[in-house]
Amino acid sequence: MITLEQCLTAIKNYDGPPLKIMEVCGTHTHSIFQYGIRNILPGNLSLISGPGCPVCVTPAGYIDYAVQIAHDAGNTLCTFGDLMRVPGHGASLVEARADGASVRIMYAPMDVVRWAQDEPEQMFYVTAVGFETTLPIYALLLHDIEEKKIANIRFLFSIKALLPALDWIFDKDRSIGGLIGPGHVSAIIGSAAYEPFCRRCRVPLAIAGFSLEHLAAALYDLISQSRRQTFAVHNLYPNVVSREGNIQAGRLIAGYFEKKPSVWRGLGVIDASGYFPTARYAGLSAGGSFADESLPEPPGCLCGSIIVGRADPPDCPLFGTACTPLSPCGPCMVSQEGACGIWHRNQKTKGNDL
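Let me sum up the structure you'll find in this document. (Residues numbered from 1 in each chain as written. Predicted model: local features only at pLDDT ≥ 70, side-chain atom pairs only at ≥ 80, totals over all residues. Heavy atoms only, no water.)

1. Quick look at the layout of surface pockets
Taken as a whole, the largest pocket spans an internal volume of roughly 440 Å³. The wall of the largest pocket is formed by 23 residues, among which Pro54, Gly130, Phe131, Thr134 and Glu337 lie closest to the centre. The set of elements that each furnish at least two residues to the lining of the largest pocket consists of strand S1 (19-25), strand S5 (123-130), helix H6 (135-148) and helix H8 (183-189). Examining the composition of the lining of the largest pocket, we find that 3 residues originate from one element, S5, more than from any other. Classifying every residue of the lining of the largest pocket gives 14 nonpolar, 7 polar and 2 charged. The volume enclosed by the second largest pocket comes to roughly 220 Å³. (1 Å grid on protein atoms, 1.4 Å probe; cavity = no way out; pocket = protein on both sides within 12 Å on 5 of 7 lines; lining within 4 Å. Points joined across faces, edges and corners; volume = space filled by probe spheres on them. Helix = DSSP H or I, 4+ residues; strand = E, 2+ residues; numbered from the N terminus. Nonpolar A, V, L, I, M, F, W, Y, C, P; charged D, E, K, R; others polar.)

See the structure below:
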């Protein structure tokens, strides 16, 4: 078995043709900085971020719609904290709350059931943002609402399917030579889900956890596959990810959700890339297509390019000046999984010495 030191040595000494590897998951981006992996990369080996931050790919129109709902009398908008400062075309939810809108931070989606039962005169709207990882939770929540006959909860669904976004990216950019597959999403969908994509796009993918050992092994694997010109899916996180995925979670998801076209910030509308409730539960949706992206992002903002790996955060002229975590211009600076926020938090540290 190859050791960590052997993996790191192979990464440092990579002497093949230029190789660009995308870490799809924002938590991987954070871990790569934490362990100082970028510090050892030779000039012909580069890492780019991908579309694995759910807050970052939520369209501005979604935020606008949430703000509008929160301002309407009798409504309370319930959201996780990482969505509060995401800018729409107008105000963020933080600004809306300061202006009198009813916005409540939830720590778990199930909080809303208790609030709705305690305040039956109020209509509660839940921001449901995420990837496949969050779907089982929302399926259980839909079941709970139906079983308890709760009539004053609605959802703003913006839950994404990751693979269609990777298809979109590779249809437009075949320069990416390998992918570090996300651990959490893969635990739900399974490693086999990536195999048709990797064969079609001729790109290797290594599913990894979040330790230095996992990430170094993933990079070593992708370098090795690049040399051999193989395009396999290798699961390096087998204690969490199986080939078939979480079968019970998959059945639960299929009972409550179906895939439809969805809008991604920076990418546009992608077919079959969003999860929406089936006809039986459609009445619990607050609606909203969020498709009106005609208003431009702030001048100079490169979030759309950063989300798909066409630019690194320091390439953006607003990075660290007009756009900071306390005063963000784009969503990539807001979320804990957003590339700009991660780069900004780590720009003064080099991480561990490898």
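Right, picking up where we left off after that structure.
2. Regarding helix H11 (residues 247-256)
Within the sequence span of H11, burial applies to Ala249, Ile253 and Tyr256. Along the axis of H11, the buried residues cluster in a sector spanning 75 degrees; they form a single face. Relative to its buried face, H11 has exposed residues pointing more than 90 degrees away, namely Gln248, Arg251 and Ala254. Looking at the buried residues of H11, the elements they touch are H6, H8, strand S10 (257-264) and strand S11 (268-277). Measuring from the backbone nitrogen of glutamine 248 back to the side-chain oxygen at the start of H11 gives 3.3 Å, which picks out asparagine 246 as the cap. (Buried < 20%, exposed > 50% of the residue type's maximum accessible area, 1.4 Å probe, protein only. Arc of directions from axis to C-beta. Contact = heavy atoms within 4.5 Å. Polar contact = N/O pair within 3.5 Å; in protein donor to acceptor, adjacent residues only side chain to side chain.)

3. A look at the side chain of lysine 160
As for its position among the elements, lysine 160 is in strand S6 (residues 153-160). Here lysine 160 falls in the buried class, since its relative accessible area comes to 2%. Engagement of the side chain of lysine 160 in a polar contact is seen with the side chain of serine 262, the distance being 2.6 Å. Residues within four places of lysine 160 in sequence aside, it is in contact with Val57, Pro59, Gly130, Phe131, Glu132, Ser262, Val263, Trp264, Ser273, Gly274 and Tyr275.

4. Quick look at unusual backbone geometry
One non-glycine residue, lysine 149, adopts positive backbone phi at about 55 degrees. Take lysine 149: it is sitting in the loop between H6 and S6. Using a relative accessible area of 72% as the deciding quantity, one classes lysine 149 as exposed. You will see that alanine 272, though not glycine, has its phi angle at about 55 degrees, which is positive.

5. Quick notes on the pairing of S1
Among the 7 residues that make up S1, 6 are buried, leaving the element largely enclosed by the rest of the structure. The sheet contact formed by S1 and strand S2 (residues 45-52) spans 6 bridges and is parallel. Pairing of isoleucine 21 across the sheet is with leucine 47, part of S2. The parallel pair S1 and S2 is bridged by helix H2 (residues 26-34), and the resulting crossover is right-handed. (Pairing = 2+ DSSP bridges. Right-handed = clockwise from strand over helix to strand, strands pointing away.)

6. Some thoughts on empty space enclosed by the protein
Enumeration over the complete set of coordinates arrives at 2 cavities of 30 Å³ or more. Put simply, the largest cavity is a space of about 80 Å³. It is S2 that provides the largest number of residues to the lining of the largest cavity, a total of 3 residues. In terms of residue class, the lining of the largest cavity is made up of 7 nonpolar, 5 polar and 1 charged.

7. Describing the sheet that holds S2
Across the sheet, which stays open at both edges, the 5 strands sit in the order S2-S1-S7-S8-S9 with parallel pairing between neighbours. Looking at the sheet topology across the chains shown, the edges are occupied by S2 and strand S9 (233-235). Direction aside, the axes of adjacent strands within the sheet are offset by 20 degrees on average. Examined bridge by bridge, strand S8 (residues 205-207) and S9 share 3 bridges and lie parallel to one another. Bridge pairing in S9 places isoleucine 207 opposite asparagine 235. Of the strands in this sheet, S1, S2, strand S7 (178-181), S8 and S9 touch helix H10 (residues 212-228), which is tilted by about 155 degrees from S7. (Axes fitted to C-alpha atoms, helices over the stretch in contact; angles between N-to-C directions.)

8. Regarding the pattern of salt bridges
This model, assessed by the stated rule, comprises 10 salt bridges. Measuring nitrogen to oxygen at the nearest pair gives 4.0 Å for the salt bridge that ties lysine 20 to aspartate 173. In this pair, lysine 20 is assigned in strand S1 and aspartate 173 in the loop between helix H7 (162-172) and S7, connecting sequence segments 153 residues apart. Lysine 20 gets classed as partly exposed once you look at its relative accessible area, which sits at 22%. Residue aspartate 173 is classed as buried on the basis of its relative accessible area of 16%. For aspartate 111, the salt bridge is made with arginine 114, and the minimal N-O distance between the two is 3.8 Å. You can see aspartate 111 and its partner arginine 114 sitting in helix H5 (residues 111-118), 3 residues apart, about one turn around the helix. In this structure arginine 114 comes out as partly exposed when scored by relative accessible area, which is 44%. (Salt bridge = Lys/Arg side-chain N within 4 Å of Asp/Glu carboxyl O.)

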